[in-house]
Amino acid sequence: MTAHAPARREFAFERRHFDVIARMIHQLAGISLAPHKVEMVYSRLARRLRELRLPDFDAYCALLESDEGTREVNFLVNALTTNLTSFFRESHHFDHLRDTVLPEIRARQADQSRPRLRIWSAGCSSGPEPYTIAMVLASAMTDLRRWDARILATDIDTNMVETARRGVYAADSAQSIPASLRERFTRRIRGEDGEPRIVMEDEVKRLITFKPLNLLESWPMKGPFDAIFCRNVLIYFDRVGRTQVIESFARMLAPQGFLYLGHSESLYGVSSNFRQSGPTIYRRL
């Protein structure tokens, strides 16, 4: 990254500013900000400087490093974590969950009066992933009410966790949901701005618990989980962070449990505790 600013940039943003912010986001969230991310960092934080009426990035960096900067550090994490997601994204994962994982668990617990099922959406963003999982469970398991079935959904971005908990989305985002599931598990409303929205129905909402969680800090839950979805999250960690999280996933998964990663992620050279079971699908050894 050079120190040359684009023409007419509102605030001077130099390498030293980027380094302070990159060091802090790495310490807090394990996210490695590559130098080519400078424009992304500037555009997301320049708005914050305006809101706080700060004159420049010197003042903003000083705020982050001050005793009064705790709340602002939370905003920094929220602002710099990317939250791209959609319903049924990478749909082969949900086909595998429906056609392979659920039948295996059902067979394994056939003699249980109250069979148990636990799935974790780690890095749930605004919620389409855990709601997709819930729709798959509710549609594939006709006897779901007799199961002790829970989905844990976590994200480091507290704003995203609240959005996910509400379960309200722009109407056009529902186009990726198969029609039969869309009709059963969502309903249309009008937002305060008059725009159409969809709301997730209670049948799927009640399956999910939403919590904020930093994957590089201690985890309060004990597991074990039958499946963990952690898709397009590891790409933001350095090698040490990736290894730490993957080894923790291995300990948290039930024997033969499944781990789903994003389309550009792999466990090659990261962990020997898994074998690949399909495209970006791994099974705990």
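To start, this report covers the structure provided alongside it. On a predicted model such as this, the values are computed, not experimentally measured, just so you know.

1. Some remarks on the pattern of salt bridges
Move 1: The final tally for this structure, using the stated rule, is 19 salt bridges.
Move 2: Here Glu104 and Arg283 are joined by a salt bridge, their closest N and O atoms 2.4 Å apart. You can see Glu104 sitting in helix 5 (residues 92-108) and its partner Arg283 sitting in strand 10 (residues 281-284), a full 179 residues away along the chain.
Move 3: Since its relative accessible area comes to 11%, Arg283 is described here as buried.
Move 4: Between Arg118 and Asp148 there is a salt bridge; the shortest N-O distance is 3.0 Å. Of this pair, Arg118 sits in strand 1 (residues 116-122) while Asp148 sits in strand 2 (residues 148-155), placing them 30 residues apart in sequence.
Move 5: Classification of Arg118 as buried rests on a relative accessible area of 17%.
Move 6: The partly exposed category is assigned to Asp148, whose relative accessible area is 23%.
Move 7: A single network of salt bridges, built from pairs that share partners, joins Glu14, Arg16 and Asp58.

2. Brief notes about empty space enclosed by the protein
In this approach, a probe sized like a water molecule rolls over the atoms, and the result shows the empty space that is left.
Move 1: Inspection of every chain in the model, using the stated rule, returns one cavity of 30 Å³ or more.
Move 2: Computed from the structure, the largest cavity encloses a volume of approximately 60 Å³.
Move 3: Forming the boundary of the largest cavity are Val101, Glu104, Ile105, Arg108, Asp226, Ala254, Pro255, Gln256, Gly257 and Phe258.
Move 4: Ranked by the residues each element gives to the lining of the largest cavity, the list is headed by strand 8 (residues 253-261), at five residues.
Move 5: The class makeup of the residues in the lining of the largest cavity is five nonpolar, two polar and three charged.

3. What to know about the nonpolar core
Move 1: Membership of the largest hydrophobic core comes to 51 residues, with the highest contact counts inside it found for Trp120, Leu215, Phe249 and Leu259.
Move 2: Looking at this core, the element that brings in the most residues is helix 2 (residues 38-52), giving seven residues.
Move 3: Judged by nonpolar contacts, the second largest core, of 42 residues, contains Ile105, Met135, Phe185 and Phe210.

4. Focus on the side chain of Thr186
Move 1: Its place among the elements puts Thr186 in strand 4 (residues 186-190).
Move 2: A relative accessible area of 9% means that Thr186 is categorised as buried.
Move 3: Among the polar contacts listed, one links the side chain of Thr186 to the backbone oxygen of Arg182, at a separation of 2.6 Å.
Move 4: Ignoring sequence-local partners within four residues, the contact set of Thr186 consists of Ile177, Leu181, Ile198, Val199, Met200 and Glu201.

5. Some points on the layout of surface pockets
Move 1: Its boundaries defined by the atoms lining it, the second largest pocket holds a volume of some 250 Å³.
Move 2: Around the second largest pocket, the lining comprises 14 residues; the ones closest to its centre are Leu144, Arg145, Glu203, Arg206 and Leu207.
Move 3: Considering every element that reaches the lining of the second largest pocket, the biggest residue donor is strand 2, with three residues.
Move 4: Looking at side-chain class alone, the lining of the second largest pocket contains six nonpolar, one polar and seven charged residues.

6. Focus on unusual backbone geometry
Move 1: Note that the residue after Gly223, namely Pro224, is joined by a cis bond; omega there is -5°.
Move 2: As for its position among the elements, Pro224 is in the loop between strand 6 (208-212) and strand 7 (225-230).
Move 3: Not every positive phi belongs to a glycine, and Arg53 is a case in point at roughly 55°.
Move 4: Along the chain, the position of Arg53 falls in the loop between helix 2 and helix 3 (57-64).

Basis of the calculations
Residues numbered from 1 in each chain as written. Predicted model: local features only at pLDDT ≥ 70, side-chain atom pairs only at ≥ 80, totals over all residues. Heavy atoms only, no water. Salt bridge = Lys/Arg side-chain N within 4 Å of Asp/Glu carboxyl O. Helix = DSSP H or I, 4+ residues; strand = E, 2+ residues; numbered from the N terminus. Buried < 20%, exposed > 50% of the residue type's maximum accessible area, 1.4 Å probe, protein only. 1 Å grid on protein atoms, 1.4 Å probe; cavity = no way out; pocket = protein on both sides within 12 Å on 5 of 7 lines; lining within 4 Å. Points joined across faces, edges and corners; volume = space filled by probe spheres on them. Nonpolar A, V, L, I, M, F, W, Y, C, P; charged D, E, K, R; others polar. Core = buried A, V, L, I, M, F, W, Y, C linked by side-chain atoms within 4.5 Å. Polar contact = N/O pair within 3.5 Å; in protein donor to acceptor, adjacent residues only side chain to side chain. Contact = heavy atoms within 4.5 Å.

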